[in-house]
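Chain by chain, the residues run as shown.
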Amino acid sequence: MTDIKSMTLTELTDHIAGMGEPAFRARQLYQWMHAKCVSSLDDMTNIPKSLKARLRETEETNTDSSNSVDITCLKPIEVRQSADGTRKYLFELADSNLIESVLMRYKYGNTVCVSSQVGCRMGCRFCASTLGGLTRNLTPAEILDQIYRITNDINERISHIVVMGMGEPLDNYDNVIRFLNLIISEEGYNLSRRNITVSTCGLTGRIRDLADEGLGITLAISLHAPNDELRRTIMPIAEKYTIAEIAESAAYFFEKTGRRITFEYALSRGVNDTDECATELARLCRDLGAHVNLIPVNPVTERGYEPSGADRVSAFKNKLEKQGINVTIRRELGQDIDGACGQLRNRHGR
Ligand code: SF4
């Protein structure tokens, strides 16, 4: 079984050569899949029928033989449009698992938040994606195709990507790195590496590995608490890695890449939104030159966390800024369409 959409151009060229076909066919196939984002071999008008037939014999991306998918292609089974323009997609994979992706429209362009796993095993207490644990990793093609299907749906290019949907991207490290290399490839979608953010809950060894890849992307770390004691009550991963260890790996990332880290901090009423928390957080950020992105925590009915009120969010922001920290408040988009990751999928019980 071969997944040609997850192959680099070099690998695809070798694969096609191995089939005794001319190498230029590989470039054509690659461009159809990754630059023109077509959903089937049928749409590739300059590929001979004989080659398509041979590829269909070797490509097996769908276990359901009644379905005519011949290259990895996600099936949108629900799309919700928010009043603010945000579109939330529920995609079905070939094995019937469901994943979510979100399109957010900003003045500077279209951002897509992609999922990297089906479910998640990190167990963050405020998150709906982890309620059923991890089912499986997504393949590079399944991550890419979230962007391709949305591009075709809105008939516009996607300019920014955040790997911040369902799953912990660095827990699916090899496939996510392959995805990143494919999405920035010049013969493919050619997305600017500067416009890609990968968000992790803080797998420190993998943060170092990512720094060593030299990809030039931005790293966001979901911190959500300024000290280990509080963080352990919110994020089980904090039992494994301390904030001091995360800070060390963040410093390494900055040193290797020259890219400043962003700390994601979801403010939850009465949990992590006090002035004392802001002061502790400021101290941590100052040492690292890190930027803070404040997010009012999404209300997840299953978990009982409530977002901080607007006054508290702005007081927290002011407290950080007074201590010289660069802060943004992430505009909450799509609240009217189950904007929080994992919520739409949970409604479908898969
Ligand atoms: S916040 Fe991210 S890492 Fe944490 S459980 Fe949810 S999907 Fe996993």
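Residues numbered from 1 in each chain as written. Predicted model: local features only at pLDDT ≥ 70, side-chain atom pairs only at ≥ 80, totals over all residues. Heavy atoms only, no water.

Draft legend 1. Inspection of unusual backbone geometry at higher detail. One non-glycine residue, serine 96, adopts positive backbone phi at about 75°. Among the secondary structure elements, serine 96 is positioned in the loop between strand 2 (87–92) and strand 3 (98–106). What makes serine 96 partly exposed here is its relative accessible area of 35%. Even without a glycine there, the phi angle at asparagine 190 is positive, about 60°. Within the secondary structure, asparagine 190 is located in the loop between helix 5 (173–183) and strand 8 (196–200). (Helix = DSSP H or I, 4+ residues; strand = E, 2+ residues; numbered from the N terminus. Buried < 20%, exposed > 50% of the residue type's maximum accessible area, 1.4 Å probe, protein only.)

Draft legend 2. Focus on the packing of helix 1 (residues 9–18) against helix 2 (residues 24–34). Put simply, helix 1 and helix 2 touch, their axes get as near as 8 Å, and they point 130° apart. When the axis of helix 1 is compared with that of helix 2, the two are oblique. Judged by the twist between their axes, the crossing of helix 1 over helix 2 is right-handed. The residues of helix 2 that touch helix 1, namely those facing Leu9, Leu12, Thr13 and Ile16, are Arg25, Ala26, Arg27, Leu29, Tyr30 and Met33. The class makeup of the residues in the contact of helix 1 with helix 2 is seven nonpolar, one polar and two charged. (Axes fitted to C-alpha atoms, helices over the stretch in contact; angles between N-to-C directions. Parallel < 35°, antiparallel > 145°, perpendicular 65-115°, else oblique. Left-handed = near helix turned anticlockwise from the far one by under 90°. Contact = heavy atoms within 4.5 Å. Nonpolar A, V, L, I, M, F, W, Y, C, P; charged D, E, K, R; others polar.)

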